[in-house]
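So the chains spell out like this:
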Amino acid sequence: MKTLLEVDNLTVRFSLRAGEITAVDQVDFKLQEGERFGLVGESGAGKSVTGFALINLISKPGYIAGGSVRFQGNELTALTDEQIRRVRGNDICMIFQDPMMTLNPVLTIGTQMVETLQAHRSISTKEAKRAAVETLRKVQIPSPERRLRQYPHELSGGMRQRVVIAVALITSPSLIIADEPTTALDVTIQAEIMALLLSLCKDENMGLILITHDLAVVSQVTQRIAVMYAGRIVEVGATDDIVKHPRHPYTIGLLSALPQNKPRGQRLDQIRGVMPTLLDIPPGCPFNERCDRAQEICRRQRPGLEWKQHGGRVACHFVE
Amino acid sequence: MFAFSVRRVAQAVLVMFVISFIGFAIKYAVGDPVRDLVGISVSVEEREKVREQLGLNDPFVVQWARFLQKAMQGDLGMSYFFKRPATDVILKKAPATLELVICSSFIVILVSIPVGIFAAVRPNSWLSRFLMGASIVGVSIPVFLTAIVLIYIFAVELHWLPSYGRGETQMLWGVWDSGLATADGLQHLILPSIALSSIMLPLFIRLIRAEMKEVLETEYIKYARAKGIAPWRVLIVHAFKNTLLPVITVGGVQLGTMIAFTVLTETVFQWQGMGFVFLEAVERGDTSLLVAYLVFVGAVFVVVNTVVDIVYGLVNPMVRIASRS
Ligand SMILES: Nc1ncnc2c1ncn2[C@@H]1O[C@H](COP(=O)(O)OP(=O)(O)O)[C@@H](O)[C@H]1O
Ligand SMILES: [Mg+2]
């Protein structure tokens, strides 16, 4: 298998009036071609910022402070504006959380699909429309020809997200970054959209980075996951292994907060406290104030993300 | 869309009805059509006879109905000073004013859109700061001062442009007395148009900048960038198109203000348009002419606003759908 994406020590900072914050702190992970990878963590953990940093779409006051993103052998952080534009939406496509907010309200579905294809290929509008209809069919949207003339608000939430998926598919990318793709949707259609995304990734052998706070979703779709906390990855490994045998105290806490891991009627365990804001992350391990196992060393020394005996990587002093 | 347009036109007719009422009320209250007809040197008895003949002793409502009926046929009474139908006098002067307003609108559109977009995209550049500062100063300078300064610099000192009048005009299609058709006419248009546009420019620059800034922060703009859409297309097609709705709305309303300001501009530049004639009519107590001006300007305003609303409907898919169902 070939490596698709290699992220090394990726660091993103924001220069805010209140001070400099590190929203993504030395993140590294790898993705094979066609692999589905989950990025999990509480809201504010830095998942979305990581996703945008991969395609170098961090705008002021943020900036990529260091690290590298190698995609199919090319260093993306070193590309010119025009070169990275050709990667975005072409080789790497993004799906955002709320399709009502992501689709432009004054442009038809057709325009928004055609322009995407034309941004990356020299192709006539007629041909691009044909490709758009075909792609809409792939995401199981009924009467696709008619949809091209419709505006986003004429579609239901589920249909809109299918359109967004179609926009991503139309250029046949090798990687899709889906940032909470079902969070804004009705519960009843969340599973439908997730299943569609999964089957499309399998069919077209596309890599997927699924960003979510929902461990249940990620465990059904991905092969490997990284757990993020306060801008850092605290645990990476095979999804099955992490879900069954979480090692990092934070991962353990997240999993025991899931209803399916508890017999009915028993109280769910919430991790005590809240994630610190990025302006006051404690020294040492960022999780130490909420951790039951925290010792003196945890307040002094930050644990590195290291290979452990079980074959995964964990950032904790107490995992062997 | 069709139903929406019909509804909008019906509203416009209603507004015209109200305007005609106001016009008639003015005429009824201050006008003296007998004087308009026979002059001042006629005896009281004779005047009373003429009043009776003209139906001026009829009840208000009857007279209003008569006024409406005539107005519908374009008859708004005789101008006491010009001894001609007031409608004719106004219509003859209309092209001058309309050309002035149209040219000023073009200046506003051509300048405020690029400047507003630039100031939104580069809010921290020194040029943006300068333009924003200048626009604050711009709002607070009255038109007649702008006009006088323009005349002083470009006409008196530099001798580049004429300082007053319409210059050489040419009759188009037999009805439209145009200054746009001759080089001399165009030269005469420049200073008055700039002076008139100066009241609207700061407002529109600031409006477009504010709207653009807001739109540029939205998810769909970030999404467009994530799709690899070219920067110019993100700016114009994705962002600017979304600012168009509020800009068109404000534009429609401000056009009325602009017509009002033509009275000042035309006076300073001795521009032989409706505004100029209107001021004269006020001085001479020429009520019919005054009312004709009011009704005509009201009509222009109503037509423009109706067109703006329909264009708004074309730009805004939401309105289009709402009217479809
Ligand atoms: N535009 C921004 N300006 C300032 N800080 C930001 C911005 N975007 C993100 N951040 C910071 O980065 C942190 C991580 O954000 P994000 O990646 O969106 O979290 P999530 O894991 O919920 O997707 C936030 O808590 C915030 O402090
Ligand atoms: Mg997020």
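Now for a look at the structure at hand. In this text the structure is predicted, and so the values were computed from the model without any measurement.

### Considerations on the side chain of Arg232 of chain A
Residues and elements named next belong to chain A. Within the secondary structure, Arg232 sits in strand β10 (residues 232-238). For Arg232, the side chain forms a polar contact with the side chain of Asp25, separated by 3.4 Å. Among all residues touching Arg232, those that are not within four sequence positions of it are Asp25, Val227, Ile281, Gly284, Pro286 and Arg302.

### A few points about the site of ligand 1
All names here are of chain A. Surrounding ligand 1, one finds 13 residues, the nearest of these being Gly44, Gly46, Lys47, Ser48 and Val49. The contact in question runs from an oxygen atom of ligand 1 to an N or O atom on the backbone of Gly46, over 3.0 Å. The contact in question runs from an oxygen atom of ligand 1 to an N or O atom on the backbone of Lys47, over 2.9 Å. If ligand 1 stood free it would expose 560 Å²; the protein chains cover 65% of that surface. Mapped by element, the contributors of at least two residues to the shell around ligand 1 are β1 (3-16), β2 (19-32) and α1 (47-54).

### Observations concerning the interface of chain A and chain B
Of the residues lining the interface, 26 residues belong to chain A; the matching set on chain B comes to 21 residues. Summed over both partners, the interface of chain A with chain B buries about 2200 Å², with 62% contributed by carbon and sulfur atoms. Taken together, the connections running from chain A to chain B amount to 12 residue pairs in polar contact (both at pLDDT 80 or more). At the level of elements, α3 (99-102), α4 (109-118) and α7 (157-169) of chain A are the ones that each hand at least two residues to the side of chain A that touches chain B. The element that contributes the greatest number of residues to the side of chain A that touches chain B is α4 of chain A, accounting for 4 residues. Classifying every residue of the side of chain A that touches chain B by side-chain character gives 14 nonpolar, 8 polar and 4 charged.

### Re the state of the cysteines
Residue and element names in this part refer to chain A. Tallied over the full model, the rule gives 0 disulfides over all chains. Looking at Cys285, it has no disulfide partner, and the nearest cysteine sulfur is the one in Cys298, 6.0 Å off. Taking relative accessible area as the criterion, Cys285 reaches 9% and is therefore assigned buried. Take Cys316: it sits in no disulfide, and the sulfur closest to it among the cysteines is that of Cys291, at 6.3 Å.

Each value, and the rule that gives it
- Residues numbered from 1 in each chain as written.
- Chains lettered and ligands numbered in written order.
- Predicted model: local features only at pLDDT ≥ 70, side-chain atom pairs only at ≥ 80, totals over all residues.
- Heavy atoms only, no water.
- Helix = DSSP H or I, 4+ residues; strand = E, 2+ residues; numbered from the N terminus.
- Polar contact = N/O pair within 3.5 Å; in protein donor to acceptor, adjacent residues only side chain to side chain.
- Contact = heavy atoms within 4.5 Å.
- Near = heavy atom within 4 Å.
- Areas by Shrake-Rupley, 256 points an atom, 1.4 Å probe, with all protein chains shown as cover.
- Buried area = accessible area lost by both parts, 1.4 Å probe.
- Nonpolar A, V, L, I, M, F, W, Y, C, P; charged D, E, K, R; others polar.
- Disulfide = S-S within 2.5 Å.
- Buried < 20%, exposed > 50% of the residue type's maximum accessible area, 1.4 Å probe, protein only.

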